[in-house]
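# Working through the structure, step by step
This is what each chain is made of:
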Amino acid sequence: MPRLLIPLFFLLLPLAEIACFILVGRRIGVFATLSLVALSAVAGIVLMRIQGFGVLARLRQSGQEGRVPGKEMLDAATIMIAGILLLIPGFLTDIVGLALFLPPMRRFLWNRLMRNVVVVDIGGAGPHRRPQTGPDRTIDLDESDFHRDGPRRGPGL
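These numbers come from a predicted model, not from an experiment.

## Looking at the overall build of the chain
When helices and strands are tallied, the chain shows five helices and two strands. N-terminal to C-terminal, the α/β element order of the chain is α-α-α-α-α-β-β. Looking at the chain as a whole, 21% of its 157 residues are labelled buried. By sequence separation, contacts in the chain at least 24 residues apart represent 50% of the contacts at least 6 residues apart.

See the structure below:
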């Protein structure tokens, strides 16, 4: 079922955007509608630049402090996605893009993501956050269980 939702989404999104263009164009006029679309693209570039530099500064600071910059990385990714959504002509993508620029929305996404993610410091300090519920999710494989080229097939397997 989820396999079918993605192509359906990419089919319906342009249709929904066209419907929004028609509705907004009838309400405020063609020139004002096109001006809003151009303004949203410019706003996306400006916001991406301003907030992007802020995220880069926070990334650098967390690296200097020795912290794992997970939240900063998510902020950088959402700002980039938000900027791209504002560059795409359409009012629905603009609404989602503007929402992603808002820090409370990014904080909400971070909290939702951290419920399912364990951030591990490769430097050997161990996990910085463990799952709140459920068993330990470490899977220990022997060399006979898995090999870089794929599972090893022995006699009788």
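## Details of the nonpolar core
In terms of nonpolar packing, the biggest core is built from eight residues, these being V55, L59, I79, A82, L85, L86, L100 and F101. Elements supplying a minimum of two residues to this core: α2 (30-65), α3 (70-87) and α4 (91-101). Looking at this core, the element that brings in the most residues is α3, giving four residues. The contacts of L86, once residues within four sequence positions are left out, are S40, A41, A43, G44, D94, G97, L98 and F101.

## Focus: helix α5 (residues 103-114)
An α-helical segment advances 3.6 residues per turn. Residues three or four places apart therefore align on the same side. In this model α5 runs 16 Å from its N-terminal to its C-terminal C-alpha over 12 residues, within 8% of the 16 Å that 1.5 Å per residue would give. Inspection of α5 places R106, W110 and M114 among the buried residues, and these make up the whole buried set. What you see down the axis of α5 is that its buried residues fit within an arc of 65°, all on one side.

## Things to note about the confidence of the model for the chain
In the predicted model, the chain carries a mean pLDDT of 80, and the fraction of residues at 70 or more is 77%. Ranking the helices and strands of the chain by mean pLDDT puts α4 first, with 91, and strand β2 (residues 126-127) last, with 46. Within the model, the stretch residues 124-132 combines pLDDT values under 50 with 14 contacts to residues more than four positions away or in other chains.

## With respect to the environment of L92
Considering the arrangement of structural elements, one finds L92 in helix α4. Under the relative-accessibility criterion, L92 is labelled partly exposed at 31%. Sequence separation between L92 and P14 is 78 residues; the distance between their C-alpha atoms is 9.6 Å. In contact with L92, not counting residues within four places along its chain, are A16, E17 and C20.

What counts and what doesn't
Residues numbered from 1 in each chain as written. Predicted model: local features only at pLDDT ≥ 70, side-chain atom pairs only at ≥ 80, totals over all residues. Heavy atoms only, no water. Helix = DSSP H or I, 4+ residues; strand = E, 2+ residues; numbered from the N terminus. Buried < 20%, exposed > 50% of the residue type's maximum accessible area, 1.4 Å probe, protein only. Contact = heavy atoms within 4.5 Å. Core = buried A, V, L, I, M, F, W, Y, C linked by side-chain atoms within 4.5 Å. Expected span 1.5 Å × (residues − 1). Arc of directions from axis to C-beta. pLDDT = per-residue confidence, 0-100.

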